[in-house]
Amino acid sequence: MPLAPDTILTRPLGLRDEATARAVRWRAALTPRTIAAALLGLGGLGLAAYLVLGDDPLAGEPYAVATIEVRAPVAPPPEPVVPVRPDSARPDSASRGADEVERASGVVVSRPDGTSAPDSVVIRVPGAGPIQLKPAPDPRLSERGRYGGVLPKIGPDGARALDVYARPEAAGLERGGAVAGRIALVVSGLGIGQAATQDAVQRLPLAITLAFAPYGADVTRLAARAREAGHEVMVQAPMEPFDYPDNDPGPQTLLAGAKPAENVDRLAFVLARVPGAIGVMNFMGARLTGEAAALDPVLREIGGRGLGFVDDGTSPRSLAREVGRKAKVPVARAEIVVDSVPRPDAIDRELARLEEAARKSGFVLGSASALPLSIDRIARWARDLESRGILLVPASRALRQPS
């Protein structure tokens, strides 16, 4: 018997056809929430497509377009043309009159009688300028040392390092006028700290002598730079104090109880550290400088090598001048220790004492250490020293002039 067509009467009860079932499912799925989510997703896809496929390099960031107008460069105003006279019509700098120099410089000179100076001539002195020291070491005054480097010696013609390496002394005040007194000042303790040494070389007047301790790793180069700048230099020799070895000046210290040959050997190490030195200055040494028998061979070795010796003035028991006079060795002693009390007011007071002593006796030798405070006070004091009639001179003056 053939099957009857598929009708609602032939299906099991409770079942619907496929189309009707799908429609029911879609209607159940299309809720307001799912519609909103679908719209939001479509909007995100559209924005992403716009950013990827669009030609906006800023990705939608706000921006403005400014028009830059290129203008032609403005030509500078023409320079004024100054007529130049031929070489034959130019006055030589050595024969220019005072009137012409005054007009060119803009300086107005008032003369009592109101007249000009038609016959005055400005004379140029060849070689005038900063004082330069002789190069060191001079082969004539040098020999190979036992510790490397070179040792000073007296030249074949009798030339001494004290004279050859000394800084030439200024004849007078730069602005003219009478010299009321001269001051020589030695600043010691340099060569150990590079910053402090450079500060002293740059800030202190060039007439101030600088003494270098022998222990700095770069002391030879630093001393050479000080000489290139124009400073006269010395080397410090460590000498035995009374409380040695509790107070130890350092390696190669010259001892009062040592044999003369031992002290001479230690002195050779010291002298080789600073080529170009004019002499030796003690570092400590109250005991050694107070014993004539121990000091005599040391000073004779210093003098025999063409050097001088400066006592820093810190020990009242020092016999350096007396021993040096008997041995015929150039010796000088500092009369005033500027920074024995390291306070600004105390240093200023001692500097004033230097001036007073220079006015009374004409010349005075002082000493100071390379403390930053001392360098600062000395630099300030020296700024207007010449305006008070005081001339700074190198310490070699104290060693080269008669006592």
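Rules and cut-offs
Residues numbered from 1 in each chain as written. Predicted model: local features only at pLDDT ≥ 70, side-chain atom pairs only at ≥ 80, totals over all residues. Heavy atoms only, no water. Phe/Tyr/Trp six-rings, centres within 6.5 Å; stacked < 30°, edge-to-face > 60°. Helix = DSSP H or I, 4+ residues; strand = E, 2+ residues; numbered from the N terminus. Buried < 20%, exposed > 50% of the residue type's maximum accessible area, 1.4 Å probe, protein only. Salt bridge = Lys/Arg side-chain N within 4 Å of Asp/Glu carboxyl O. 1 Å grid on protein atoms, 1.4 Å probe; cavity = no way out; pocket = protein on both sides within 12 Å on 5 of 7 lines; lining within 4 Å. Points joined across faces, edges and corners; volume = space filled by probe spheres on them. Core = buried A, V, L, I, M, F, W, Y, C linked by side-chain atoms within 4.5 Å. Contact = heavy atoms within 4.5 Å. Polar contact = N/O pair within 3.5 Å; in protein donor to acceptor, adjacent residues only side chain to side chain. Pairing = 2+ DSSP bridges. Right-handed = clockwise from strand over helix to strand, strands pointing away. Nonpolar A, V, L, I, M, F, W, Y, C, P; charged D, E, K, R; others polar.

K.L.:
Teacher, can you tell me more about the packing of aromatic side chains here?
P.N.:
We describe a pair of aromatic rings using the distance from one ring centre to the other and the angle between the two ring planes. Tallying each qualifying case throughout the model produces one aromatic pair. Judged by centre distance (5.7 Å) and plane angle (85°), the rings of Y147 and F269 are edge-to-face. Placement of Y147 in the loop between β1 (142-144) and β2 (150-152) and of F269 in helix α7 (residues 260-271) is noted, with a sequence separation of 122 residues between them. Overall, Y147 belongs to the partly exposed group, its relative accessible area being 39%.

K.L.:
How should I be thinking about the pattern of salt bridges in this particular structure?
P.N.:
Within this structure, the stated rule accounts for 24 salt bridges. The partner of E240 in a salt bridge is R287, and the shortest N-O contact between them spans 2.9 Å. Of this pair, E240 sits in the loop between β5 (233-239) and α7 while R287 sits in helix α8 (residues 286-289), and the two are 47 residues apart along the sequence. Judged by relative accessible area, which is 5%, E240 ranks as buried.

K.L.:
Just checking my understanding: could you explain the layout of surface pockets for this structure?
P.N.:
Taking a probe equal in size to a water molecule and rolling it over the atoms shows the remaining empty space. Approximately 590 Å³ is the volume attributed to the largest pocket. Forming the walls of the largest pocket are 25 residues, and the residues nearest its centre are A170, E174, E386, L391 and L392.

K.L.:
Before we go on, may I ask you to explain the nonpolar core in this structure?
P.N.:
Nonpolar side chains in soluble globular proteins tend to end up buried together. In this structure, L210, F212, L365, I378 and W381 are the most contacted members of the largest nonpolar core, which totals 84 residues. Each residue touching F212, except ones within four places of it in the same chain, is listed here: L190, G191, T197, V219, L222, A223, A226, V233, M234, V235, Q236 and V274.

K.L.:
Help me understand the environment of T253, please; the structure alone is not making it clear to me.
P.N.:
Mapping T253 onto the fold places it in the loop between β5 and α7. Sequence separation between T253 and P241 is 12 residues, and the spatial gap between their C-alpha atoms is 9.8 Å.

K.L.:
What is the right way to read the environment of D163 from this model?
P.N.:
Following the sequence through the fold, D163 ends up in helix α4 (residues 161-164). With a relative accessible area of 31%, D163 lands in the partly exposed category. Among the polar contacts made by the side chain of D163, one reaches the side chain of R400 at a distance of 3.2 Å.

K.L.:
What exactly am I supposed to notice about unusual backbone geometry here?
P.N.:
Going from A136 to P137, the amide bond is cis rather than trans, its omega being 0°. Along the polypeptide, P137 turns up in the loop between α3 (98-105) and β1. Each neighbour pair has its own omega, and for Y244 with P245 the value is 5°, a cis peptide bond. When you line up the elements, P245 lands in the loop between β5 and α7. Non-glycine residue M284 carries a positive phi angle of around 60°. Tracing the sequence through the fold places M284 in strand β6 (residues 279-284). A positive phi angle, near 60°, is found at K328, a position not held by glycine. With respect to the secondary-structure elements, K328 resides in the loop between α10 (320-327) and β8 (331-333). When its relative accessible area of 77% is taken as the criterion, K328 is described as exposed.

K.L.:
Whenever I open this one, the pairing of strand β3 (residues 181-190) confuses me. Can you help?
P.N.:
The two faces of a sheet get side chains in turn, since along a regular strand they alternate between them. With nine of 10 residues buried, β3 lies mostly within the body of the structure. In this structure, β3 lies alongside strand β11 (residues 390-393), joined through four bridges in parallel fashion. Each bridged residue has a counterpart across the sheet, and for A184 the counterpart in β11 is V393. As paired elements, β3 and strand β10 (residues 363-369) share seven bridges and run parallel to each other. Bridge pairing in β10 links L185 to G366. Since β3 and strand β4 (residues 209-212) lie parallel, the crossover through helix α5 (residues 194-203) that links them has a hand, and here it is right-handed.

K.L.:
I would appreciate a short explanation of empty space enclosed by the protein in the present structure.
P.N.:
Counted by the stated rule, this structure contains one cavity of 30 Å³ or more. In terms of lining, the largest cavity is formed by 14 residues, of which the most central are P152, L271, V274, P275 and G276. At three residues, β2 tops the list of elements feeding residues into the lining of the largest cavity. Here the lining of the largest cavity is composed, by residue class, of 12 nonpolar, two polar and no charged.

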